[in-house]
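Given next are the chains, with one letter for each unit.
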Amino acid sequence: MNTAVAYCRVSTKNQQSALKDHQEQWIEIFEREGFEFANCGVFYKKNGYKEPKKGLYVDEGISAKEYKKHRKAFQQMIEDAINNKFSQIVVEDTTRFARSIEDGIKVIKDLREKGVDVWFRKENLHSIDTGSDTFLSLFFTLAENEIRTDSNRIKWKQEKLHKAGKWTAPAPYGYAVEKGILSINEKEKEVVDYIFYLYTEKLLGMRAIANILNGKGIRTRKGNLWKSTEIRYILENRIYIGDIVTHKTESVDITRGTYKKIAEGEQIIVHNEKLRIISDEVWKEKDKIKNERNKRFKNREGYSTKHLLSTLLYCEKCGSTYIRIKKKDTKDKERNIVSGGYEWTCL
């Protein structure tokens, strides 16, 4: 009797009933084929939660093209197979196993070296048989082409919606989205204005701005502390001058998840004045300051030689030199003053 496992995916919706149906299906198939469930298996959810499932490897709502990045149960199954925990894998069809000829054939050959067979029920193909490689390559190729077609269709639909003023992603900070329509969030708008003010008028760097927001008790939309990377995102996002920019990247190989950046002149920009938060004058001033700081960063130009490290420390994010700031003193249990010392921060 072959020691076997089954692999499947379940959607987030109606998850428990779908999982029950899969279990019943595989029990019936295994009994009919004379397979014995291996004493291993796991159910992986998107949020990282996992639980053991005897003889079953289940991923929650993950596409077969996401094998290397997200299909944790699939990865665990292949590892267990290579470690000789079972000799048979059963899967409904080739699209459940892989949607890339490169990934699919590689995994099958790795398993074949260990004497592990994959039985694709719908196509009735066994991977242990080298004569099936031609057919499997064909099915994986068809699945790969289907992914590309779906990707192009989604891309076309998103571009069409953007041109019609629709929004297809989570709203950027400073905005809200309802029924596909993006609008300004007045409360967050004030914070965006403040960020640009601190950068263009007070000449503060991104880390310093984040520190000020955190010090004032202002939090991100998720309630977290601000980071310099989030400040950078706001300062560089053209949505704040009313420009909706799409086609900023293009897929190089969708099965590998590799992309290339599109030159600014080739990007698609749709202007919507109703979404403007920052004036063109402030935006240009921001660009001017950013370019000057980048230039100083490249030339290693500083402002002062008052302290030992002056002109030697530069912020990798904004390009400005670090300045030394006296931290606030505190008091110990005996009410003695304890110096807070100093810290270095960008301008």
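Going by the structure above, here's the rest.
Residues numbered from 1 in each chain as written. Predicted model: local features only at pLDDT ≥ 70, side-chain atom pairs only at ≥ 80, totals over all residues. Heavy atoms only, no water.

## Quick look at the overall build of the chain
Short version of the rule: Strands here mean DSSP runs of E at least two residues long; helices mean DSSP runs of H or I at least four residues long; both are numbered from the N terminus. Any residue under 20% of the maximum accessible area for its type is buried, any over 50% is exposed, and the rest in between are partly exposed; the area is computed with a 1.4 Å probe on protein chains only. Should any heavy atoms of two residues lie within 4.5 Å, those residues are considered in contact. Surface exposure here means Shrake-Rupley accessible area, sampled with a 1.4 Å probe, where a residue is shielded only by the protein chains that are shown.
Counting its secondary structure elements, the chain contains nine helices and 18 strands. Counting across all 347 residues of the chain, residues that qualify as buried make up 39%. In the chain, 56% of the contacts between residues at least 6 apart in sequence involve partners at least 24 apart. For the chain, the exposed surface amounts to about 20500 Å²; the carbon and sulfur share of it is 49%.

## What about the packing of aromatic side chains?
The test is simple: Stacked, tilted and edge-to-face are the three classes applied to pairs of Phe, Tyr and Trp rings, where Trp contributes its six-membered ring and a pair requires centres within 6.5 Å; stacked means planes under 30 degrees apart, edge-to-face means over 60, and tilted covers the rest. In this scheme, Lys NZ or Arg CZ marks a charge over a ring once it lies within 6 Å of the ring centre and within 35 degrees of the ring normal.
Counted under the stated rule, the structure contains 13 aromatic pairs. Considering the side-chain rings of Phe 30 and Phe 37, the 4.2 Å spacing of their centres and the 15° angle between planes classify their relative orientation as stacked. Judged by its relative accessible area of 1%, Phe 30 is buried. The structure contains a cluster of three or more aromatic residues connected by ring pairs, namely Tyr 7, Phe 74, Phe 97, Phe 120 and Phe 140. The ring of Phe 74 carries the charged tip of Arg 71 above its face, separated from the ring centre by 4.1 Å. A cation sits over an aromatic face here: Arg 293 above Tyr 199, 4.8 Å from the ring centre.

## Digging into the nonpolar core
Heads up, the rule is: Among buried residues, the Ala, Val, Leu, Ile, Met, Phe, Trp, Tyr and Cys ones that are joined through side-chain atoms within 4.5 Å form a nonpolar core.
Residues Ile 195, Trp 226, Ile 231 and Tyr 240 are the most contacted members of the largest nonpolar core, which totals 28 residues. Those elements that provide at least two residues to this core are helix H6 (186-200), helix H7 (206-215), helix H8 (228-236) and helix H9 (280-299). If we skip the residues at most four places from it in the chain, Tyr 240 touches Pro 172, Tyr 173, Tyr 175, Val 192, Ile 234, Arg 276, Ile 277 and Ile 278.

## Observations concerning the packing of H6 against H7
The following threshold applies: Helix axes use the C-alpha atoms of the stretch in contact, all axes being lines fitted to C-alpha atoms, and the angles between their N-to-C directions lie in the range 0 to 180 degrees. Each angle is binned into one of four classes, with values under 35 degrees roughly parallel, values over 145 roughly antiparallel, values of 65 to 115 roughly perpendicular, and all other values oblique. Each crossing gets its handedness from the near helix: less than a right angle anticlockwise from the far helix is left-handed, clockwise is right-handed.
Look at H6 against H7: their axes get within 10 Å of each other, and the N-to-C directions meet at 135°. Considering their axes alone, H6 and H7 lie oblique with respect to each other. When you trace H6 past H7, the crossing you get is right-handed. In this structure, H6 contributes Val 191, Tyr 194, Ile 195, Leu 198 and Tyr 199 to the contact, and H7 contributes Met 206, Ile 209, Ile 212 and Leu 213.

## Side note on the pairing of strand E9 (residues 175-178)
Stated precisely, the cut-off is as follows: Strand pairing is defined by DSSP finding a minimum of two bridges between the two strands.
Inspection of the sheet shows E9 paired to strand E10 (residues 181-184) by four bridges, in the antiparallel sense. Within the sheet, the bridge partner assigned to Ala 176 lies in E10 and is Ser 183. Joining the antiparallel neighbours E9 and E10 is a turn of two residues, in which Lys 179 adopts a positive phi near 55°.

## Remarks on the pattern of salt bridges
To be explicit about the condition: A pairing counts as a salt bridge when a side-chain nitrogen of Lys or Arg comes within 4 Å of a carboxyl oxygen of Asp or Glu.
Inspection of the entire model under this criterion finds 15 salt bridges. Here Lys 85 ties to Asp 80 by a salt bridge, and the two come within 3.5 Å at their closest N and O atoms. For Asp 80, a relative accessible area of 5% corresponds to the buried category. Its salt-bridge partner being Asp 193, residue Lys 189 comes within 3.2 Å of it at the nearest N-O pair.

## Thoughts on the side chain of Asp 117
Applicable threshold: His is not counted, nor are the chain ends; Lys and Arg add positive charge and Asp and Glu add negative charge. Identification of polar contacts relies on pairs of N or O atoms within 3.5 Å, with a donor-acceptor requirement for protein atoms, meaning one able to donate a hydrogen and the other able to accept it, and with residues adjacent in sequence counted only if both atoms are side-chain atoms.
Among the secondary structure elements, Asp 117 is positioned in strand E7 (residues 117-120). The side chain of Asp 117 is buried and forms no salt bridge, while Arg 112, the nearest opposite charge, is found at 7.4 Å. Polar side-chain contacts of Asp 117 include one of 3.0 Å to the backbone nitrogen of Ser 127. At 2.9 Å, the side chain of Asp 117 and the backbone nitrogen of Ile 128 are in polar contact.

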